[in-house]
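# Coordinate analysis (summary)
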Amino acid sequence: MDTSDMFLKALSVYSQGRTSRELASLNEKTARYGISITQEEAKQLAESNKFSLAEHSRFEFGKSAVIKIAERFAESTFVHKREFTVLVAELTDHFYLFKNEVGDKVGDDDIIDIMFEYFDKRCGGSTELLMNRYFDSIVNFEKIEDCDIREFVPDEFD
Amino acid sequence: MNSIEIFLPFGEEDVDKKNYSASILMLCSANGLLSDEKSKYIQGVCAEIFIETLEQFTERKSGSVQTENAKHIYESVFYRADVYLLSLGSLAAAVKSVVSEDFAEILQKGSSLVLDKFNTAQRYSMLARKNALKTASKEYKYACFYAFDKFKRSYSARFFAKSIITEIEYPLLYGEPEYSGVLYMANYYKSLYAENLFLSLFRKSDVHKLLIAYGEMFCSRYTDLLENYCRVAVNNFFASLLLNKNGSNILINEREITRLSSLLCSKSREDIEKQLLTSFYKEITSHEIRLYLRKYIDIFISELYSHLENGTLRRFIVACE
């Protein structure tokens, strides 16, 4: 391990601690959507975020994408309260894939916004569709018009 | 001698020149030259600048970057310190600076020096271009006429300080400079300028003739060989000085090589070295060339005797008349 690896690892540990604390205090924002995250779930989310970062070779230094995703997707009409943390973990993993594709200079919020748009308006809350069908549309930031989601959700999701 | 030099518990050989400051910090810390408090302070300073640079890199729009980019940015932060500490000229001075100076100031001074080095590289690249040979290989032409412009267009001292993003293949007399980034470029072009200045001392037709003869030794065109032209010329130039020929003459014939062999056998190595040094300072008046080629005299003498022993003198000194 060279000096840069050691330095990045030390900063990552600090960053993970902060993410855990911020996740635990997310409830203030998600409560109005009837969603609450327990301490244990916050820990699990921080852990899965750490895994996704490593999996997609990313280094986190600022506000974590997992927090931003949790805050944004709590609004979604397709979120099941009990599966919220699983969904956030999955979306965070997908987010890093999108991010690697579009490059570091594209803002997190821009990617999360377009993911949310497709998730809510085209995918009917399916993360599989988001990844498998709309990957290119998302990384190319293709705008979608407001429309009836039933037109786009395949039969098995009806 | 500086007092700190005496007590240094590590030497130049322990330091990684390509990661100079990080390597010195680790050695100082491991050997008790830096207190825990000071080490933590330095880590804090570096972390703060590193995070701020990451923010600038993502235009404050992202909370993460690809690890590869994070590594480049980490290296770029420490590169500023590398440039400053290397400019101090010795390991002892660098250690003294790390131990006694505020690391934030070291990084600040390094940033200014990076800019100076960029200007130095630019100045020498222009001089090297001005004195470049007109007929040469594409690698040489690329180094003289295109590489710096490409570097200038793409270099980012803030985010990718160690990358040069230009493919220089033309070798120098002393091999690759052991630095990276703008330090590499400044050293490369300073050397290339000295080499081109040296080549410009001779008639262009003579240099061309010599290089053609050199290529023929390998049954090839010299432009197809990735050889340093200065080395070919300076070997013949030094041989010429030993033969008491006119210093501006680098063309040597077979008979003269035979005479050189006899001369080497009849005189001591010390006498040969002395003669070469005297003639060198008499013939070369340019400060830049003197400074650059002086250390090659020792290399030349060693190689000369080695080729004499192996019977390969004609591979070292090129006969072209």
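If you're wondering where the values come from, they're calculated on a predicted model, not measured in any experiment.

## Here we look at the confidence of the model for chain B
All names here are of chain B.
- A residue-level look at chain B finds 98% of positions with pLDDT of 70 or above and a mean pLDDT of 92.
- Mean pLDDT across the secondary structure elements of chain B bottoms out at helix H1 (residues 3-6), with 48, and peaks at helix H6 (residues 103-130), with 97.
- Complex prediction metrics read pTM 0.85 and ipTM 0.86.

## Points about the interface of chain A and chain B
- Between chain A and chain B, the residue contacts involve 24 residues of the former and 23 residues of the latter.
- Taken together, the two surfaces of chain A and chain B that pack against each other cover about 2100 Å², and 61% of this comes from carbon and sulfur.
- Taken as a group, A:Phe61, A:Asp104 and A:Lys105 account for 34% of the area that chain A buries against chain B, more than any other trio of residues on that side.
- At the boundary of chain A and chain B, one finds 0 salt bridges.
- Joining chain A to chain B, the criterion identifies 15 residue pairs in polar contact (both at pLDDT 80 or more).
- At the level of elements, helix H1 (3-24), strand S1 (58-60) and helix H5 (84-102) of chain A are the ones that each hand at least two residues to the side of chain A that touches chain B.
- Looking at the side of chain A that touches chain B residue by residue, the classes come out as 9 nonpolar, 6 polar and 9 charged.
- As judged from the 3 bridges shared by S1(A) and strand S1 (residues 64-66) of chain B, these two strands associate in the antiparallel manner. Of the residues in S1(B), the one forming a bridge with A:Arg58 is B:Gln66.

## Considering the packing of H6(B) against helix H7 (residues 138-154) of chain B
All names here are of chain B.
- In contact at an axis separation of 9 Å, H6 and H7 are set at 160 degrees when each is read in the N-to-C sense. Taken as axis vectors, H6 and H7 run roughly antiparallel relative to one another. You can see that H6 and H7 cross each other, and the crossing is left-handed. Across the interface between the two elements, Phe118, Ala121, Gln122, Ser125 and Arg129 of H6 pack against Cys144, Phe145, Phe148, Asp149, Phe151 and Lys152 of H7.
- Here the residues of the contact of H6 with H7 sort into 6 nonpolar, 2 polar and 3 charged.

About the criteria used
Residues numbered from 1 in each chain as written. Chains lettered and ligands numbered in written order. Predicted model: local features only at pLDDT ≥ 70, side-chain atom pairs only at ≥ 80, totals over all residues. Heavy atoms only, no water. pLDDT = per-residue confidence, 0-100. Helix = DSSP H or I, 4+ residues; strand = E, 2+ residues; numbered from the N terminus. Contact = heavy atoms within 4.5 Å. Buried area = accessible area lost by both parts, 1.4 Å probe. Salt bridge = Lys/Arg side-chain N within 4 Å of Asp/Glu carboxyl O. Polar contact = N/O pair within 3.5 Å; in protein donor to acceptor, adjacent residues only side chain to side chain. Nonpolar A, V, L, I, M, F, W, Y, C, P; charged D, E, K, R; others polar. Pairing = 2+ DSSP bridges. Axes fitted to C-alpha atoms, helices over the stretch in contact; angles between N-to-C directions. Parallel < 35°, antiparallel > 145°, perpendicular 65-115°, else oblique. Left-handed = near helix turned anticlockwise from the far one by under 90°.

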